[in-house]
Amino acid sequence: MCACMDWCGVAMATLGCQVVTILRWYQKVYEDLLAIPVIPGRKTEKEKFAGGDYTTTIEAFVSASGRGIQVNDVIY
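Within every chain, residues take consecutive numbers counted from 1 along the sequence as written. Totals for whole chains, interfaces and linings use all residues, but because this is a predicted model, local features are given only for residues with pLDDT of at least 70 and pairs of side-chain atoms are given and counted only at 80 or more. Heavy atoms from the whole structure form the basis of all side-chain values; hydrogens and water molecules are not counted.

Enquirer: So what exactly am I meant to see when it comes to the overall build of the protein here?
Expert: Within the protein one finds one helix and five strands. A run of H or I in DSSP counts as a helix once it spans at least four residues, and a run of E counts as a strand once it spans at least two, with each numbered from the N terminus. In the protein, the order of α-helices and β-strands from amino to carboxyl end is β-β-α-β-β-β. For the protein, with 76 residues in total, the buried portion stands at 30%. Long-range contacts, defined here as pairs at least 24 residues apart, represent 33% of the contacts in the protein between residues at least 6 apart. Roughly 5,200 Å² of accessible area belongs to the protein as shown, and the carbon and sulfur atoms make up 58% of that amount. Burial status follows relative accessibility: with a 1.4 Å probe on protein chains alone, a residue under 20% of its type maximum counts as buried, one over 50% as exposed, and anything between as partly exposed. It only takes one pair of heavy atoms within 4.5 Å for two residues to be counted as in contact. Using a 1.4 Å probe, accessible areas were evaluated by the Shrake-Rupley method; residue-level cover was limited to the displayed protein chains.

Written as structure tokens, this is what we have:
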């Protein structure tokens with residue numbers, strides 16, 4: 001069983017453990033190495049990648065413009 005039981009409010013039964021592991025790795029790279037705070041999440045049915053079961057994302061906040069930007073997607 002995967003060590004990540006729950007991620008961004010979604011039960012582990014819904015997400016594959018590898019997807020969660022990869023997203024957490026990307027989050028760690030952005031926050032620890034690049035010093036960019038990010039917010040992980042899951043795309044809605046309308047936003048998800050066509051053909052995938054679900055799409056998870058990491059987004060960053062750009063303080064200069066007050067906007068968020070998508071920095072990473074993982075599609076399952």
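Enquirer: Sorry, what's going on with a nonpolar patch on the surface here?
Expert: What goes into a patch is any residue over 30% in relative accessible area without a salt bridge, connected to like charges within 9 Å or, for nonpolar side chains (Val, Leu, Ile, Met, Phe, Trp, Tyr), within 5 Å. A pairing counts as a salt bridge when a side-chain nitrogen of Lys or Arg comes within 4 Å of a carboxyl oxygen of Asp or Glu. On the surface, a nonpolar cluster with roughly 290 Å² of combined accessible area is contributed by Leu33, Leu34 and Ile36. Overall, Leu33 belongs to the exposed group, its relative accessible area being 66%.

Enquirer: Would you take a moment to explain the pairing of strand β5 (residues 67-75) for this structure?
Expert: Residues in a regular strand point their side chains to alternate faces of the sheet. Of the strand pairs in this sheet, strand β4 (residues 55-62) and β5 are connected by eight bridges, and their pairing is antiparallel. The residue of β5 that forms the bridge with Thr57 is Asp73. Only strands joined by at least two bridges in the DSSP assignment are considered to pair. Between β4 and the antiparallel strand that follows it, β5, lie four residues; Gly66 among them carries a positive phi value of about 75 degrees.

Enquirer: Which parts of the structure should I look at to understand the side chain of Gln27?
Expert: Tracing the chain through its elements places Gln27 in helix α1 (residues 17-33). For Gln27, the contacting residues outside a window of four places in its chain are Val38, Pro40 and Ile58.

Enquirer: Would you take a moment to explain the nonpolar core for this structure?
Expert: Where a protein is soluble and globular, its nonpolar side chains tend to be buried together. In these notes, a set of buried Ala, Val, Leu, Ile, Met, Phe, Trp, Tyr and Cys residues joined through side-chain atoms within 4.5 Å is what counts as a nonpolar core. Grouped together as the largest cluster of nonpolar side chains are eight residues: Val19, Leu23, Tyr30, Val38, Tyr54, Ile58, Ala60 and Val74. Of all the secondary-structure elements, those providing two or more residues to this core are α1 and β4. Residues within four places of Val74 in sequence aside, it is in contact with Val19, Ile22, Leu23, Tyr26, Tyr54, Thr55 and Thr56.

Enquirer: Hey, could you run me through α1 in this one?
Expert: Given 3.6 residues to a turn, an α-helix orients residues that are three or four positions apart in the same direction. A rise of 1.5 Å per residue sets the reference length of α1, with its 17 residues, at 24 Å; its end C-alpha atoms lie 23 Å apart and thus fit the reference within 8%. All buried positions along α1 are accounted for by Val19, Val20, Leu23, Gln27 and Tyr30. Projection of α1 onto a plane perpendicular to its axis shows the buried side chains occupying an angular sector of 95 degrees, all on one side. Among the exposed residues of α1, those oriented more than 90 degrees off its buried face are Gln18, Trp25, Lys28, Asp32 and Leu33. Ala35, located one to two residues past α1, shows a positive phi value of around 55 degrees. Take the number of residues in a helix, subtract one, and multiply by 1.5 Å to get its expected span. Directions pointing from the helix axis toward each C-beta atom define the arc.

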